[in-house]
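# Survey of secondary and tertiary structure
What follows is each chain in one-letter form.
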Amino acid sequence: MTDRPVEEHPIVQNLRAWDDRAVAEVSQFRGELTIVLPPERLRRAAEYLQAERGLQFDLLSDISAVDRFPIEPRFEVNYHLVSIPLRQTLRLRVWISGQDPVLATLIPVWPTANWHEREIYDLFGIRFEGHPDLHRILMPDDWEGHPLRKDYPVEGFRT
Amino acid sequence: MTTIETAAGTAQTMVLNMGPQHPSTHGVLRVVVELDGETVVKARPEIGYLHTGIEKSCEALTYSQAITLTDRIDYLAPLSNNLGYCLAVEKLLGLEVPKRAQYIRVLLTEMTRLNSHLVWLGTHAMDLGATSVMLYCFREREEILKIFELVSGQRMMTSYFRIGGLALEPPPGWLDRVRRFIDMLPSRIEEYENLLTRNSIWLMRTQGVGILGAKDAIALGVTGPMLRAAGVAYDVRKVFPYSSYDEFNFDVPTRTECDSYARYLVRLAEMRESLKIVRQAMEKIPSEGPIKADAPGIIPPPREKMKTEMEALIYHFKIFTEGFAPPPGEVYQRIESPRGEVGYFVVSDGSPKPYRVKVRAPSFVNLQALPKLSEGGVVADLIACIGTIDIVLGEVDR
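Only a predicted model underlies this, so the values are computations on that prediction, with no experimental measurement involved. (Residues numbered from 1 in each chain as written. Chains lettered and ligands numbered in written order. Predicted model: local features only at pLDDT ≥ 70, side-chain atom pairs only at ≥ 80, totals over all residues.)

The subject of this paragraph is the overall build of chain A. Of regular secondary structure, chain A possesses 3 helices and 7 strands. From first element to last, N terminus to C terminus, chain A shows the α and β order α-β-β-α-β-β-β-β-α-β. Here the C-alpha atoms of chain A give a radius of gyration of 17 Å, agreeing with the 15 Å that 2.2 N^0.38 yields for 159 residues. Over its C-alpha atoms, taken along the principal directions, chain A stretches across nearly 55 × 30 × 25 Å. Across the 159 residues of chain A, 35% fall into the buried class. Contacts spanning at least 24 positions in sequence make up 46% of the contacts within chain A whose residues lie at least 6 apart. (Helix = DSSP H or I, 4+ residues; strand = E, 2+ residues; numbered from the N terminus. Rg over C-alpha atoms; globule rule 2.2 N^0.38 Å. Buried ≥ 20, exposed ≤ 12 C-beta atoms within 10 Å, placed from the backbone. Contact = placed C-beta atoms within 7 Å.)

Below you can see the structure in the form of structure tokens.
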């Protein structure tokens, strides 16, 4: 937990110095830093965050999508990163539209993204461009709909 | 049979379905294996057979009700999942939990780690043909379950950790029971070691099997004992301490051999470290003091107060009918479960029900490494590889 303004956070400054347009918005809540990126810059920013000596985000813990239906852009995708050598964490976020939701895959940067992205495709219907094996992972292959979307009911029968 | 081109010429391969019903998959896991004779050319895990939609169900429950679902994610470490979820919601609320409750939480989650490692050791050894170890491990595990029952009233799905503290005051004398157990366990661990550590069959089945180096492990997001057996001392309890773990003295055991045997040694060493933590926690736990945070409107008031105070009765009614509403925002809370990093991403929209609960399940992520561990080895070692990951399929599929 820090009192200093979030813009002065070293990770934000480092990323801004690299490419000012890569950072759309920054926020901090309960000591957790969130950087919002434009979707088209996600892949390059991920490569930078992993390779840069002062950042070294080598472990992608998790990818979580959230459906903000009916708000547009509808989906937010959160990437939870850890730097094991530097003991720091970061959340990256991108917003994507509900019409034809598509995002670049991060498998080339963090191979662990493979199953996370398949899960998000399965449960939210977000496609990941460049994913080598994008099909359902938890639901049966012939399932209709994406259960974690907010317009998908929690219970009931299909008519 | 399909013919494949290899560097040595063409070879005939066979596709074999292992599972979903197979005793050594520890649940309902299907692995599609492509075999060239005895050699595994390709192994593809197929999951989802136990998917119960826990994350979706959480969205329809209040914050407190959702605790009962977190137990059911990982049936070998229900308290670790309780803890991860409760810490996440407490972070969202900005709630400070009394020290006494924190220490009891530490003690019980370490007992959970022992419980989980005992089951892992027993089943893994049984997969590889050492049946007696399983019987011994389950004997000791029974004692842990009895302690859980003593404290919470339940052996497995305890739901003992609640938002802001603990469900109820542990019964008098429970620590004596814990002490008896931890005084007994070291000699029992010796017993397992006598059976396995220098057993030549055990060595042949585990040494050099399922190699996963540090670089690959991090790239695949593998955490927990699997990562530490590759020489990376990443343990959430040390790196990002929670629930007062920074006040405890313990080591993070690591090995550098990166194989199944190294993971076995790391897990055994972790059991000894857990005993150290339990011992320290027993000394730290004050005999008296609050076990719940002081937060009216969030923590249910004590029963006696409800009978005399109008306000307490109103709070009780409100908490159990509509729940409480944390401020809008989102948190990601990571903890070290027996299998690796458990993460709870909880999003609040300011209503009494969580807008989204995402569980980062270590089994799900670690299982992704199965092709890396098993490809190129023989089919019998595939069983060793599944065992060494220590998956709980309930957690994989959620």
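Moving on: the domain arrangement of chain B. Residue and element names in this part refer to chain B. Entries for chain B in the domain assignment read domain 1 (2–46) and domain 2 (54–397). A C-alpha centroid distance of 33 Å is found between domain 1 and domain 2. Every contact between the two is made by 16 residues of domain 1 and, on the other side, 19 residues of domain 2. Elements with a contribution of two residues or more to the side of domain 1 that touches domain 2: strand S3 (30–36) and strand S4 (39–46). With 7 residues, S4 is the largest single contributor of residues to the side of domain 1 that touches domain 2. (Domains from an automatic or database assignment.)

Our next topic: the nonpolar core. Ranked by size, the top nonpolar core spans 149 residues in total, and within it Leu81 of chain A together with Val89 and Val346 of chain B carry the most contacts. Per-element tally for this core: the top contributor is helix H4 (residues 99–127) of chain B, with 13 residues. The residue makeup of this core includes at least three contributed by each of domain 1 (2–46) and domain 2 (54–397) of chain B. Every residue in contact with Val89 of chain B, bar those within four places of it in the chain, is listed here: Tyr63, Ile163, Pro326 and Val346 of chain B. (Core = buried A, V, L, I, M, F, W, Y, C linked by C-beta atoms within 7 Å.)

Attention now goes to the packing of H4 of chain B against helix H5 (residues 131–152) of chain B. Residues and elements named next belong to chain B. Orientation of H4 relative to H5, taken along the N-to-C sense of each, is 160 degrees, at an axis distance of 8 Å. In terms of orientation, H4 lies roughly antiparallel with respect to H5. The hand of the H4/H5 crossing is left-handed. Contact residues: H4 offers Met111, Leu114, Asn115, Leu118, Val119, Leu121, Gly122, Thr123, Ala125 and Met126, while H5 offers Thr131, Val133, Met134, Cys137, Phe138, Glu140, Arg141, Ile144 and Ile147. Broken down by class, the residue content of the contact of H4 with H5 amounts to 13 nonpolar, 4 polar and 2 charged. (Axes fitted to C-alpha atoms, helices over the stretch in contact; angles between N-to-C directions. Parallel < 35°, antiparallel > 145°, perpendicular 65-115°, else oblique. Left-handed = near helix turned anticlockwise from the far one by under 90°. Nonpolar A, V, L, I, M, F, W, Y, C, P; charged D, E, K, R; others polar.)

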